[in-house]
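Inside the fold
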Amino acid sequence: MSDHSLIPPMGQRDELLRMTDVDKVFNGNVEALKNLNLTVNQGDFISLLGPSGCGKSTALRLIAGLMRQTSGQIKWNGGLNEGDLGVVFQEPTLMPWATVEQNAWLPHRLRGKSLDDVRGDIMWALKMVGLEKFQKSYPRELSGGMKMRVSIARALVTQPRLILMDEPFAALDEITRHKLNNDLLMLRDKLKCTVIFVTHSVFESVFLSDRIVVMAARPGRVSAEVSVDAPYPRTEEFRTSAQYAELCRKASDALHGAMNQHGERASA
Amino acid sequence: MSAPEMHATQAPVVDLEELQHARAQRRDKIAKWSLPILMLGLAIFLWDRIVVWNEIPHYILPGPGLVIQTLIEDWGMLSDALWVTLKITLMALGVAVVGGVGLAVLFTQSRYFEMAFYPFAVILQVTPVVSIAPLIFIYVDSRLAGLLLCAWIVAFFPILSNTTLGLNSTDHNLRDLYKIYGATRWQRLRYLQLPTALPYFLGGLRIAGGLSLIGAVVAEYVAGTGGIGSGLAFRILEAGYRLNIPRMFAALILIAATGVVIFTFASLLSHALLHKWHESAIKREN
Ligand SMILES: Nc1ncnc2c1ncn2[C@@H]1O[C@H](COP(=O)(O)OP(=O)(O)OP(=O)(O)O)[C@@H](O)[C@H]1O
Ligand SMILES: [Mg+2]
C-alpha cells in the first residue's frame, strides 16, 4: 500500500503521450474522430467513457499504431520501444490451440525469445493475475473471467509502460467484473503503469480511474473530463461510499451532457 | 430416516434424470459399434439368402461365400493389385497435401498470386478427370506418372480450398495483436495462420483421401493396359471381360475397404491433433 506513493499525484506526472487535433475519417465521410485532443501522463488511469460509436476504439487503435490518423499529431514522449505497450480486447482473444503459458508467451515469442528464456516473466505475469496453477491448461478449460485474466497476463508479460484496454470486462457477469476491477487496481498499483480503459459503464469508470474522459459521437470528440480525486487503494468500501455515489452522478451528468450535445447537433 | 442423516452418510446424490442420461449414453456407446456391424452382417446374410433362394447363377451374382473364397484363392494376384492401387492413391494424396497446402500458403501470401492462379485450380477441379485422363496418357510417357497426375488432380482441390479458407479465417483481434507486437509475415503464418487452418486442412484431408482413391481407380480404367503392375481397377476390368464375376466382387471389396481404411486413418489423425483444443473434438455434456 505504501508503494502507492510512487505514482505522483495528478498534476505532477510526466507526459507520456499527446494527441493534438486528431481526425480520423473512414470511407471519406464517416468522421469517427474530429479534433481529438488528449494528453496522457505517466501513471494516469484514464477511462474513455462514451456512447456507442463515439470513436473510443478508434482512438485506442490509433494509439496502438494499428491505423494512422487522417490528420493531427500523436506524439510520444521519449518514443515507444518494444514491449512498452500491452493490449487487452473485449474478447479474451486467446489462441485456442495454445496453453495458458504459451498464450502469455506470445509477446516475447514474437520478439524471438524462447519459452525457457522468459519462463520467469510468464510465471510472474500469471501469478499477478492469480493463474499460476493453470499454466498448462487450454483456454477452453477456463471460465470467461479466467480467460480474461490470461489475456491480461499476456499484456503484462513485457512489463509495458502503457496498457490499452477496450471494454475488457463488458462480457463478464457483475461479480466477476467487480473482482477483476479490484485486481486490476492492485496490479496497476504494483506496476505503476499507465492505463487507458474504454468502457460503457459509468460505475466502472469511476471505480477504476483517476481521469474520466467523456466522449461525444458524430463526430467523435472529447466532450468533458471528470477527475476522480478519491485516493487509491480503492476497495469494496469505496463502492458503497457517498463519495462514490456523488462521483458517479457527476460522471453520469457529463455523459448525458455529451449525448445531448449530439442530439442538439442532429436536430439543428 | 431423516434428511440430515442421509446427508451425513455422504452417499453420492444421483437424480433420476442423470441416471437416465447415463443409461442413454451407455446405450449410445454400445449401439455406435454394434448397430453398424449388425446391419452389415444382416445385409450380407440377405445377399446370401437371395442368391440361394432364387438360385442365381454365380456368373450373374455370386454369393458372399464364393466372393470370400475367390478373395483367398486369388489373393496373390489381388494383393499385388491392391498394393499398386494403394501406392498410387497414397502417393497422389501425399502430393495433393504438399501441393494443396503449398499453393494455399502462396495464395495467402500474395493476393495477386491467388487472383492469377485460382482460376486454373477451379478449371482443373470442375473438369471431370475421365475426360482429361486420355490426354494425360497421350502426353505423359510414364504410366505411373500419368496415374499419379490423374489422382492428384482429383484430390488436391479440397485440400487447397479448405486450407486457403482456414489460413484466411484467423481471428481479427489476434491479427491486430500480432501486428502490435511486430510479428513478421513468417511468424504470423507459423504461429497464427497454420494452427488456425489445421482443422480446415484435416477436413479437406478426409475428403481428399477418398478422392485420391477414386482418382487412382478412374485413371487405371482409362489407362487400361495390363500386365505386371496393374491395380485393382484393371483387375476388375479384366475379370469383367472374362465374366469372372466373383473376382470382380473380390476386387471391389478390396477397393471399398481401402477407402474405409483411409477415411478412418484421416479421422484418427484429426482426433489426435485436435482433441485437446478444438470445438469439434469436445464432447458436449448434454
Ligand atoms: N474500419 C472502419 N471502417 C469504417 N467505419 C468505421 C471503422 N471503424 C469504425 N468505424 C466507424 O467509426 C465510428 C466510431 O467507431 P468506434 O468503433 O471507434 O466506436 P466505439 O466508441 O468504440 O463504439 P462501441 O462502444 O460500440 O465499441 C463508428 O461510427 C463506426 O461505424
Ligand atoms: Mg469499441
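Remember, it's a predicted structure, so these values are computed and weren't measured experimentally. (Residues numbered from 1 in each chain as written. Chains lettered and ligands numbered in written order. Predicted model: local features only at pLDDT ≥ 70, side-chain atom pairs only at ≥ 80, totals over all residues. Heavy atoms only, no water.)

A word on the overall build of chain A
When you go through chain A residue by residue, the secondary structure sums to 8 helices and 9 strands. For 268 residues, the compact-globule formula gives about 18 Å, and the C-alpha radius of gyration of chain A, at 19 Å, lands near that figure. Along the first, second and third principal axes, the C-alpha atoms of chain A reach 60 × 45 × 35 Å. Within chain A, buried positions represent 53% of all 268 residues. Put simply, 73% of the contacts in chain A that link residues at least 6 apart link residues at least 24 apart. Distance from the positive charge centre (33 side chains) to the negative charge centre (31 side chains) of chain A: 3 Å. (Helix = DSSP H or I, 4+ residues; strand = E, 2+ residues; numbered from the N terminus. Rg over C-alpha atoms; globule rule 2.2 N^0.38 Å. Buried < 20%, exposed > 50% of the residue type's maximum accessible area, 1.4 Å probe, protein only. Contact = heavy atoms within 4.5 Å. Lys, Arg positive; Asp, Glu negative; His and termini not counted. Charge placed at Lys NZ, Arg CZ, Asp CG, Glu CD.)

A closer look at the site of ligand 1
Residue and element names in this part refer to chain A. Neighbouring residues of ligand 1: Phe26, Asn27, Ala32, Ser52, Gly53, Cys54, Gly55, Lys56, Ser57, Thr58, Glu167 and His200. Taking Cys54, its main chain carries an N or O atom lying 3.2 Å from an oxygen atom of ligand 1. A distance of 2.8 Å separates an oxygen atom of ligand 1 from a polar atom in the side chain of Lys56. (Near = heavy atom within 4 Å. Polar contact = N/O pair within 3.5 Å; in protein donor to acceptor, adjacent residues only side chain to side chain.)

Describing the pairing of strand 6 (residues 162-166) of chain A
Residues and elements named next belong to chain A. For strand 6, the tally of buried residues reaches 5 of 5 residues, placing the bulk of the element in the interior. Burial of the side chains of strand 6 extends over both faces: Leu162, Leu164 and Asp166 are buried on one face and Ile163 and Met165 on the other. Relative to strand 6, strand 5 (residues 85-88) runs parallel, the two sharing 4 bridges. Across the sheet, the residue bridging to Gly86 is Ile163, located in strand 6. Pairing geometry for strand 6 and strand 7 (residues 194-199), over 5 bridges, is parallel. (Pairing = 2+ DSSP bridges.)

Points about the sheet that holds strand 8 (residues 211-216) of chain A
Residues and elements named next belong to chain A. Read from one edge to the other, the open sheet built from 6 strands follows the order 5-6-7-3-8-9, with strand pairing classed as mixed. Sheet topology places strand 5 and strand 9 (221-227) at the edges, where each strand pairs with a single neighbour. Each adjacent strand pair in this sheet contributes to an overall mean axis angle of 20°, direction not counted. Bridging between strand 3 (residues 45-49) and strand 7 involves 5 bridges; their strand directions are parallel. Counted as the bridge partner of Ser47 is Phe197 from strand 7. Its contacts with the sheet put helix 5 (residues 174-191) on strand 3, strand 6 and strand 7, and the angle it makes with strand 3 is roughly 140°. (Axes fitted to C-alpha atoms, helices over the stretch in contact; angles between N-to-C directions.)

Digging into the interface of chain B and chain A
Interface extent is often summarised as the accessible area lost during association of the parts. On the chain A side, the residues contacting the 19 residues of chain B number 23 residues. Of the roughly 2,100 Å² buried at the junction of chain B and chain A (both faces included), carbon and sulfur atoms supply 66%. Of all residues in chain B, B:Ile180, B:Tyr181 and B:Trp277 give up the largest surface area on contact with chain A, accounting jointly for 33% of the area buried on that side. Inspection of the chain B/chain A interface yields 1 salt bridge. Scanning the region where chain B abuts chain A turns up 6 residue pairs in polar contact (both at pLDDT 80 or more). Secondary-structure elements contributing two or more residues to the side of chain B that touches chain A are helix 8 (172-180) and helix 9 (185-223) of chain B. Sorting elements by how many residues they give to the side of chain B that touches chain A places helix 8 of chain B first, with 7 residues. In terms of residue class, the side of chain B that touches chain A is made up of 11 nonpolar, 4 polar and 4 charged. (Buried area = accessible area lost by both parts, 1.4 Å probe. Salt bridge = Lys/Arg side-chain N within 4 Å of Asp/Glu carboxyl O. Nonpolar A, V, L, I, M, F, W, Y, C, P; charged D, E, K, R; others polar.)

Observations regarding the sheet that holds strand 4 (residues 71-76) of chain A
Two orientations exist for strands paired in a sheet by backbone hydrogen bonds: parallel and antiparallel. Residue and element names in this part refer to chain A. Taken in spatial order, the 3 strands line up as 2-1-4 in an open sheet, and their pairing is antiparallel. Looking at strand neighbours, the two that pair on one side only are strand 2 (30-41) and strand 4, the edges of this open sheet. This sheet shows a mean twist of 10° between the axes of neighbouring strands, independent of strand direction. Both strand 1 (residues 15-26) and strand 4 contribute to a ladder of 5 bridges, which runs antiparallel. Note on strand 4: the bridge partner recorded for Met19 is Ile74. Helix 1 (residues 56-64) contacts strand 1, strand 2 and strand 4 of the sheet and is inclined by roughly 120° relative to strand 1.

Quick look at the domain arrangement of chain A
Residue and element names in this part refer to chain A. What the domain assignment lists for chain A is domain 1 (15-84 + 161-267) and domain 2 (96-159). Measuring from the centre of the C-alpha atoms in domain 1 to the corresponding centre in domain 2 gives 26 Å. Summed over both sides, the interface between domain 1 and domain 2 buries roughly 1,100 Å², with carbon and sulfur atoms accounting for 71% of that surface. Among the salt bridges present, the one from Arg149 reaches Asp183, with a minimum N-O distance of 2.9 Å. Where domain 1 touches domain 2, the interface holds 2 residue pairs in polar contact (both at pLDDT 80 or more). Listed by contribution, the elements that provide at least two residues to the side of domain 1 that touches domain 2 are strand 6 and helix 5. The element best represented in the side of domain 1 that touches domain 2 is helix 5, accounting for 8 residues. (Domains from an automatic or database assignment.)

Some words on the pairing of strand 9 of chain A
Residue and element names in this part refer to chain A. Pairing geometry for strand 8 and strand 9, over 6 bridges, is antiparallel. Looking at strand 9, one finds that Val213 is bridged to Glu225. Counted along the chain from strand 8 to the antiparallel partner strand 9, the turn is 4 residues long, and its residue Arg218 has a positive phi close to 50°.

Things to note about the packing of helix 4 (residues 75-109) of chain B against helix 5 (residues 111-126) of chain B
Residue and element names in this part refer to chain B. With their axes 5 Å apart at the nearest point, helix 4 and helix 5 run at an angle of 125° to one another. Put simply, helix 4 runs oblique to helix 5. Across the interface between the two elements, Leu103, Leu106, Phe107 and Gln109 of helix 4 pack against Arg111, Phe113, Glu114, Phe117 and Tyr118 of helix 5. For the contact of helix 4 with helix 5, the residue count by class is 6 nonpolar, 1 polar and 2 charged. (Parallel < 35°, antiparallel > 145°, perpendicular 65-115°, else oblique.)

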